[in-house]
Amino acid sequence: MTSRMHAPHTTCPGCQEEVFLDELVGGKCPLCGCSLEDFEESIGEYDGILDRSDLSWLIFNYFVFKKFVDLGVPPSQIMGFVSSYEQNADKPPEEWTKTEFSLELPMGVLDRIRPKRCAKCNRLFVRGGRKQITGDMRHTSVRIQYVCDRC
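Draft legend 1. Spatial organisation of a nonpolar patch on the surface. A cluster of nonpolar side chains, namely Leu 55, Leu 58, Ile 59, Tyr 62 and Phe 63, defines an oily patch on the protein surface of about 520 Å² accessible area. Here Phe 63 lies in helix α3 (residues 52-71). We classify Phe 63 as exposed; its relative accessible area is 54%.

Draft legend 2. Representation of the pattern of salt bridges in the model. Evaluation of the coordinates by the stated rule reveals 3 salt bridges. Linking Asp 111 and Arg 114 is a salt bridge whose minimum nitrogen-to-oxygen distance equals 3.1 Å. Note that Asp 111 and Lys 131 form a salt bridge whose closest N and O atoms lie 2.8 Å from each other. Taken as a pair, Asp 111 in helix α5 (residues 109-113) and Lys 131 in strand β6 (residues 130-136) lie far apart in primary sequence, 20 residues in all. Each of Asp 111, Arg 114 and Lys 131 takes part in one network of salt bridges that share partners.

Draft legend 3. Representation of the sheet that holds strand β7 (residues 142-147) within the structure. Taken together, the 3 strands give an open sheet; going across it, the order is β3-β6-β7, and neighbouring strands pair in antiparallel fashion. Both edges of this open sheet fall to β3 (100-105) and β7, since each of them pairs with a single strand only. When strand polarity is set aside, the average angle formed by the axes of neighbouring strands in this sheet is 30°. Relative to β6, β3 is paired through 6 bridges, and the arrangement is antiparallel. Within the sheet, the bridge partner assigned to Leu 105 lies in β6 and is Lys 131.

Draft legend 4. Local environment of the confidence of the model for the protein. Averaged over all residues, the pLDDT of the protein equals 79, while 83% of them reach at least 70. In the predicted structure, residues 40-47 sits below a pLDDT of 50 and forms 0 contacts with residues beyond four places in sequence or in another chain.

What counts, and where the lines are drawn
- Residues numbered from 1 in each chain as written.
- Predicted model: local features only at pLDDT ≥ 70, side-chain atom pairs only at ≥ 80, totals over all residues.
- Heavy atoms only, no water.
- Patch = residues over 30% accessible without salt bridge, like charges linked within 9 Å, V, L, I, M, F, W, Y side chains within 5 Å.
- Areas by Shrake-Rupley, 256 points an atom, 1.4 Å probe, with all protein chains shown as cover.
- Salt bridge = Lys/Arg side-chain N within 4 Å of Asp/Glu carboxyl O.
- Helix = DSSP H or I, 4+ residues; strand = E, 2+ residues; numbered from the N terminus.
- Buried < 20%, exposed > 50% of the residue type's maximum accessible area, 1.4 Å probe, protein only.
- Pairing = 2+ DSSP bridges.
- Axes fitted to C-alpha atoms, helices over the stretch in contact; angles between N-to-C directions.
- pLDDT = per-residue confidence, 0-100.
- Contact = heavy atoms within 4.5 Å.

Next comes the structure, spelled out in structure tokens:
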């Protein structure tokens, strides 16, 4: 019985049961008939999809996404920002196009009741308007500004 425990075995991808390799019938699982060879080949196809260089890009996207979500920016706006950054990433910084960004933030209670100055027309307003975070991809600084309903 102990010799059977050390025999080469695998888990069938079809029925998720443990199958010993010497029990295979024509390279297929004796329980469900799923071909184990096709499954092993398909696993090898996906190995090259995710490189180590992609890992750093995924981590960067995660932190950008998390930073803006914590500020309250809607995910659709963040994805637009990330895709425009991705278009510029292959080029040198002097050839980047559309580097400025403006993302809308939700207003807090204090933002709603205190007077605000419009960033476009320089008019004071108390009610309405939008709160935005603006910046440039070439620089690390960002500005939080308000825009009135007229602009």
